[in-house]
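Structure assessment
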Amino acid sequence: MKIKRLEQSLYRKIAAGEVIERPASVLKELLENAIDAKSESIEVDIEQGGITRIVVRDNGEGMDEADLQLCAQRYTTSKIASEADLDSITTLGFRGEALASIGAVSQLIITSRPAISKIAYQITIDGGIISKLTPAARGVGTSVEVRNLFFNLPARHRFLSPPRTEFYHLARIMRRIALAYPRLGFRLRHDQRIIVEAPRVEELRERIGQIYNAEVSRALIEINAEESKIRVSGFISRPEITYADRRNQLLVVNGRPITDAMLSYTLSQAYRGRIRSGAHPLVVIHIDLPADKLDANVHPRKEEIRFFDQQKVQQVLMRALQVGLTSPHLRDAAPFLIGKPQREVAQQIAEPLRNRYHASDRPLPLNLKAELQRTKEMKSSLAESSLDPLLPDKVSRQAIGQLHNMYILVQTETGLVIVDQHVAHEQILVEQLQADIDINHLDRQRFLTPVRIELPFDKAALLNDHLVILAQIGIALDDFGGGTFLLREYPARLVDRQAKEGFDTVIDRLLSLFAMQSGDHAEILTDELLHEMLSAMACAGAIKAGMALTLREQQDLIDQLYKLENPYICPHGRPIIIEFSRHDLDRRFKRS
């Protein structure tokens with residue numbers, strides 16, 4: 001007989017693995033339980049990124065002795081009573097598996113008191129073994145303490161990230177829940193330090209100000225639409241305010257933070273043509289509809305849902321987005337644009353590095369014959385003067401114009417080369433920065449007036465853990481407190497163009513890299529991380545697609561490109577040049 005019945009302790013651990021992935025999974029389940037208990041205020045204490053200890057305290061309804069004895073057993077719930085209830089779920093939790101799963105892989109202590117009782121009771125679950133009730137002291141509500149997560153699953157424990165990385169994921173969960181429920185108060189402490197304090201507010205915009213900052217909240221566009229009992233409300237950022245990833249996009253359906261590929265696609269389509277490729281807006285959108293119009297029971301961790309009329313929800317969302325992005329308020333809110341203060345500060349920097357090009361910035365018309373003639377005249381004029389000529393006497397690669405302000409056309413001795421101007425400049429900057437670091441001679445530009453950068457609390461904690469690494473690549477930041485950092489130095493090769501673009505984007509890209517690191521690299525700059533960081537900085541500071549360049553600028557870019565060790569592939573693996581030989585061109589024009 002090959003098939004065996006699993007022991008209870010074993011199948012509980014297996015089942016727990018479906019729900020509990022890391023400390024952030026625990027926090028999500030506990031916060032959802034606290035919200036379902038009709039709490040008005042929730043406090044969270046974290047130690048060592050949640051690996052050692054997570055405590056969630058609420059002032060909700062609490063549980064009596066009978067409920068407390070049942071709450072940590074599998075498939076016990078107060079949310080549903082029959083199969084029909086699955087068709088109209090209005091709570092965040094309903095499966096009755098969270099506390100049992102957490103208790104199977106940790107040491108769990110639950111203390112609770114309902115309003116009708118004068119005494120609280122406590123129960124302990126140690127690796128799935130439930131103790132007897134004991135009297136305890138606390139006010140009305142529930143406290144759940146989780147200690148030593150995965151203490152009885154060494155293999156799972158080894159796969160946990162360092163505490164600073166685990167805390168980043170915990171803080172992200174806290175941010176999503178806080179934005180989903182602005183009328184609840186939240187407090188988060190990590191290793192005895194208060195990270196965020198967000199008292200209850202009446203309006204979502206106020207909560208966004210608590211989580212991000214007041215400047216961000218004022219700069220957002222409010223959206224509203226309602227049709228067929230589907231209501232869309234919330235805030236979206238102007239096209240000028242973007243981030244390096246989708247971590248600042250939150251969709252909340254009936255109070256449940258979710259991920260949905262089709263709604264994300266609708267969002268990207270609304271911004272299409274308004275923001276550059278690879279950039280993502282800040283979004284906090286609430287969608288409310290009748291509970292019987294969706295299915296919340298389609299994902300093990302309840303992170304996805306299924307709409308019974310997906311297309312209609314997308315239509316209402318798109319209408320709200322389109323109205324918001326064509327709103328006349330876009331013109332009125334210029335004083336609050338996030339990039340503006342940085343551009344003002346950039347002009348106060350003592351003699352910042354100037355663009356090395358001094359020619360006119362007029363767009364280059366695609367009249368190749370006229371431009372070739374102009375180039376010959378320039379060469380002739382320069383050759384007769386004491387200035388260095390624009391091009392060598394024998395040109396093997398000659399820039400002859402731009403195509404759609406994205407590609408540089410280059411005439412060679414053997415044919416035609418098309419160069420992607422953005423990735424070409426990115427590769428140039430990466431190799432230059434790497435060379436500076438290799439010889440320990442990275443020039444830094446120090447700002448007379450530091451640039452202020454404000455971040456939400458989860459990203460601020462992540463950035464604070466990596467200040468040493470950033471200093472090694474020329475980015476000097478001081479933690480000013482409250483999610484505010486002062487940028488004092490930046491690599492000189494990048495500072496002029498980056499000051500014009502603003503520093504928020506590049507810092508956000510670097511934070512995305514740190515968030516993906518699986519090891520503890522807060523004090524160790526590995527070669528792989530260095531390459532990724534330099535690539536992110538070069539990408540942010542490089543010439544952009546759509547930027548008009550003069551012929552002199554084009555030629556200078558081509559000359560620098562072909563001096564590199566690798567002029568063919570950018571740091572992200574994209575081709576930099578595409579070449580057409582004379583033979584290919586003659587064949588296509590049937591000249592041979």
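Residues numbered from 1 in each chain as written. Predicted model: local features only at pLDDT ≥ 70, side-chain atom pairs only at ≥ 80, totals over all residues. Heavy atoms only, no water.

1. A few points about the pattern of salt bridges
For the record, the criterion: What counts as a salt bridge is simple: a side-chain nitrogen of Lys or Arg found within 4 Å of a carboxyl oxygen of Asp or Glu. Segments assigned H or I by DSSP are reported as helices when at least four residues long, segments assigned E as strands when at least two residues long, and all are numbered from the N terminus. Each residue gets one of three labels from its accessible area relative to the maximum for its type: buried under 20%, exposed over 50%, partly exposed in between, using a 1.4 Å probe on protein chains only.
Scanning the entire structure with this criterion turns up 28 salt bridges. Asp-420 serves as the salt-bridge partner of Arg-574, at 3.3 Å between the closest nitrogen and oxygen. With Arg-574 in the loop between helix 20 (551-561) and strand 25 (577-581) and Asp-420 in strand 21 (residues 415-420), this residue pair connects regions lying 154 residues apart in the sequence. Of the residues examined, Asp-420 reaches a relative accessible area of 12% and is grouped as buried. The shortest N-O distance in the salt bridge between Arg-444 and Glu-489 comes to 3.9 Å. Here Arg-444 is found in strand 22 (residues 444-454), whereas its partner Glu-489 is found in strand 24 (residues 484-491), with 45 residues between them in sequence. According to the relative accessible area criterion, Arg-444 is partly exposed, its value standing at 39%. Classification of Glu-489 as buried rests on a relative accessible area of 19%. The structure contains a network of salt bridges with shared partners spanning Glu-43, Asp-45, Arg-57 and Arg-189.

2. Some words on the side chain of Thr-505
Quick note on the threshold: Whether two residues are in contact is decided by their heavy atoms: any pair within 4.5 Å suffices.
Note that Thr-505 resides in helix 18 (residues 504-516). Each residue touching Thr-505, except ones within four places of it in the same chain, is listed here: Thr-242 and Arg-276.

3. Looking at the pairing of strand 23 (residues 476-481)
Heads up, the rule is: By definition, two strands form a pair when at least two bridges between them are found by DSSP.
Where strand 23 lies against strand 24, five bridges are found, and the strand directions are antiparallel. Each bridged residue has a counterpart across the sheet, and for Asp-479 the counterpart in strand 24 is Phe-485. Linking strand 23 to strand 24, which pair antiparallel, is a turn of two residues; within it Gly-482 sits at a positive phi near 65°.

4. Structural notes on the packing of aromatic side chains
Defined as follows: In summary, the pairing rule links any two rings of Phe, Tyr or Trp, Trp by its six-membered ring, whose centres are within 6.5 Å, and it sorts them by plane angle into stacked for under 30 degrees, edge-to-face for over 60 and tilted for everything else. We count a charge as sitting over a ring when the NZ of a lysine or the CZ of an arginine lies within 6 Å of the ring centre and within 35 degrees of the ring normal.
By the definition in use, this model includes two aromatic pairs. Look at Tyr-490 and Phe-503: their rings are 5.0 Å apart centre to centre, the planes differ by 70°, and that puts the pair in the edge-to-face class. In this pair, Tyr-490 is assigned in strand 24 and Phe-503 in the loop between helix 17 (492-501) and helix 18, connecting sequence segments 13 residues apart. Here Tyr-490 and Phe-503 have matching classes, each one buried. Three or more aromatic residues link up through ring pairs in this structure, and these residues are Phe-447, Tyr-490 and Phe-503. The residue whose ring lies beneath Arg-397 is Tyr-562, and the NZ or CZ to ring-centre distance is 3.8 Å.

5. Structural notes on the side chain of Arg-509
Note the following rule: Two residue types count as positive, namely Lys and Arg, and two as negative, namely Asp and Glu; His and chain ends fall outside the count.
Positionally, Arg-509 belongs in helix 18. Buried and unpaired, Arg-509 has Glu-426 as its nearest opposite-charge partner, separated by 6.8 Å. For Arg-509, the contacting residues outside a window of four places in its chain are Ala-244, Arg-276, Ala-536, Cys-539 and Ala-540.

6. Some details on the sheet that holds strand 23
The cut-off we apply is this: What counts as an axis is a line fitted to C-alpha atoms, over the stretch in contact for a helix, and the angles between N-to-C directions run from 0 to 180 degrees.
If you trace the three strands from one edge of the open sheet to the other, you get 22-24-23, paired in antiparallel fashion. Single-partner strands in this sheet number two, and they are strand 22 and strand 23. Looking at each pair of strands side by side, their axes are set apart by 20° on average, direction ignored.

7. A closer look at the state of the cysteines
The test is simple: Pairs of cysteine sulfur atoms within 2.5 Å are identified as disulfides in what follows.
With the rule as written, the count across this model stands at zero disulfides. Free of any disulfide, Cys-539 has its nearest neighbouring cysteine sulfur in Cys-570, separated by 8.0 Å. Residue classification places Cys-539 among the buried positions, given a relative accessible area of 14%.

8. A short note on helix 20
Counting buried residues in helix 20 gives nine out of eleven residues, a clear majority hidden from the surface. The set of residues buried in helix 20 consists of Leu-551, Glu-553, Gln-554, Gln-555, Asp-556, Leu-557, Ile-558, Gln-560 and Leu-561.

9. Examining unusual backbone geometry
One non-glycine residue with positive phi stands out, namely Lys-38, at about 65°. Along the chain, Lys-38 turns up in the loop between helix 2 (23-36) and strand 1 (41-47). The class of Lys-38 is exposed, set by a relative accessible area of 58%. At Asn-148, a position not held by glycine, the phi torsion is positive, near 50°.

10. A word on the nonpolar core
Defined as follows: Residue types Ala, Val, Leu, Ile, Met, Phe, Trp, Tyr and Cys, when buried and joined through side-chain atoms within 4.5 Å, form a set referred to as a nonpolar core.
Residues Leu-30, Leu-31, Val-44, Ile-54, Ile-110 and Leu-188 are the most contacted members of the largest nonpolar core, which totals 66 residues. Broken down by element, this core gets its largest block of residues, nine residues, from helix 6 (residues 163-180). Excluding residues within four positions of it along the chain, Leu-31 makes contact with Ile-42, Val-44, Val-56, Ile-173, Met-174 and Ile-177. Grouped together as the second largest cluster of nonpolar side chains are 41 residues, Leu-463, Leu-477, Ala-515 and Ala-540 included.

11. Quick word on the packing of helix 14 (residues 421-438) against helix 20
Between two packed helices, what matters for the description is the angle formed by their axes and the separation of those axes. Applied cut-off: By the definition adopted for this analysis, an angle is roughly parallel if under 35 degrees, roughly antiparallel if over 145, roughly perpendicular if from 65 to 115, and oblique otherwise. Each crossing is labelled by how the near helix is turned from the far one, with a counterclockwise turn of less than a right angle marking it left-handed and a clockwise turn marking it right-handed. Amino acids are sorted into nonpolar (Ala, Val, Leu, Ile, Met, Phe, Trp, Tyr, Cys and Pro), charged (Asp, Glu, Lys and Arg) and polar (every other residue, Gly among them).
At a minimum axis separation of 10 Å, helix 14 and helix 20 run at an interaxial angle of 50°. In this view, helix 14 runs oblique relative to helix 20, as classed from their interaxial angle. For the element pair helix 14 and helix 20, the recorded crossing hand is left-handed. From helix 14, Gln-421, Ala-424, His-425, Ile-428 and Gln-432 reach across to helix 20, where they touch Leu-557, Gln-560 and Leu-561. The residue inventory of the contact of helix 14 with helix 20, partitioned by class, reads four nonpolar, four polar and no charged.

12. Some thoughts on the confidence of the model for the protein
Counted only if it meets this: The predictor reports its confidence for every residue as pLDDT, a score running from 0 up to 100.
The share of residues in the protein with pLDDT of 70 or more is 83%, and the mean pLDDT across the chain is 83. In the predicted structure, residues 332-369 sits below a pLDDT of 50 and forms 72 contacts with residues beyond four places in sequence or in another chain. Every residue in residues 378-394 scores below 50 in pLDDT, and together they form twelve contacts with partners more than four places removed in sequence or on other chains.

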